[in-house]
Amino acid sequence: AKVSELNISELFFNLSYIEGNFNVKKMHLLDSNGGYFELFGSFQKSGLLSFEADGKLNLNWIDKILNKDYGLEGDTLIALDVKGTKDNPDINLSLDSNEGGNLSNVYFDKLSIIGNYKDKLVNLSEASLKSGSKEAKISGIIPAQADNSNMNVSLGLTGESLGFINLFTKKVEWLKG
C-alpha cells in the first residue's frame, strides 16, 4: 500500500473517537525498506493535544508528506513529543541521521537536529551537518514566520564549510576577488 507516496508493508492502529475526542492508543507503520514509525496520543475536542512518536525512516518522507522538494535522503531516527493546543503546540523534535544522505544536493555523513517549536518560535538546541572534515552547526531562536526581528542564532563552521550557510539561507551572495 502507499500513503503519501510511502510504500507501506504493514500498518496497525488502535484508536477511538468518542464525542469529538480522538485517542490513538497505538499506531505502528512499517515501510517496505525496513523503516518504522510509532505514534500514540490524543486530540481533544477542546483543542488540547498530546502525542509522542518515534521511528526510523528515510528522510525523503519529509518531501513526500509536505509535498515540497528539499532533496532530503538518508535513514534517520526520529523522536517527537507534542503537547499543548492545536493553536499553540509545544513540539520537541530530535532527528539523527548517522548513515549519510543528501540535503539540497549536499551529501552529508551526519545530520542531527534537536529543537523545539513553541509560541511561533523555533528554538534549535543544535542542528549540525557534517560532510567529511566539513561541519556546520547552528543553534538559537528562529521565528517560524517571515518576521526576523526575534532571530538570534549562532553558526559554527569547521573546515572549508562556508558554503553550508546556503543550506540555511539563500540571502548570502558569494563573490570572488
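No experiment lies behind these values; they were computed from the predicted model shown.

1. A look at the confidence of the model for the protein
Keep in mind that low pLDDT regions are not for reading the predicted coordinates in detail.
Here is step 1: For the protein, per-residue confidence averages 83 on the pLDDT scale, and residues scoring 70 or more make up 81% of the total.
Here is step 2: When mean pLDDT is compared element by element in the protein, strand β4 (residues 36-43) scores highest at 95, while helix α2 (residues 165-168) scores lowest at 60.

2. What about the side chain of S42?
Here is step 1: Mapped onto the elements, S42 comes out in strand β4.
Here is step 2: With a relative accessible area of 17%, S42 lands in the buried category.
Here is step 3: In contact with S42, other than residues within four places in its own chain, are F22, N23, L48, L49, S50 and F51.

3. Digging into the pairing of strand β5 (residues 48-58)
Here is step 1: By the bridge criterion, eight bridges tie β4 to β5 in an arrangement that is antiparallel. Counterpart to F37 in the pairing with β5 is G55.
Here is step 2: Here β4 hands over to β5 after four residues, with G47 in that stretch at a positive phi of 105°.

4. Digging into the nonpolar core
Here is step 1: Grouped together as the largest cluster of nonpolar side chains are 21 residues, with contacts concentrated most on F37, L39 and L59.
Here is step 2: Mapped onto this core, the elements with two or more residues apiece are β3 (21-31), β4, β5, α1 (60-66) and β6 (75-85).
Here is step 3: When residues in this core are grouped by element, the largest group, four residues, is from β5.
Here is step 4: Among residues more than four places away in sequence, those in contact with F37 are M27, H28, L29, A53, D54, G55 and L57.

Rules and cut-offs
Residues numbered from 1 in each chain as written. Predicted model: local features only at pLDDT ≥ 70, side-chain atom pairs only at ≥ 80, totals over all residues. Heavy atoms only, no water. pLDDT = per-residue confidence, 0-100. Helix = DSSP H or I, 4+ residues; strand = E, 2+ residues; numbered from the N terminus. Buried < 20%, exposed > 50% of the residue type's maximum accessible area, 1.4 Å probe, protein only. Contact = heavy atoms within 4.5 Å. Pairing = 2+ DSSP bridges. Core = buried A, V, L, I, M, F, W, Y, C linked by side-chain atoms within 4.5 Å.

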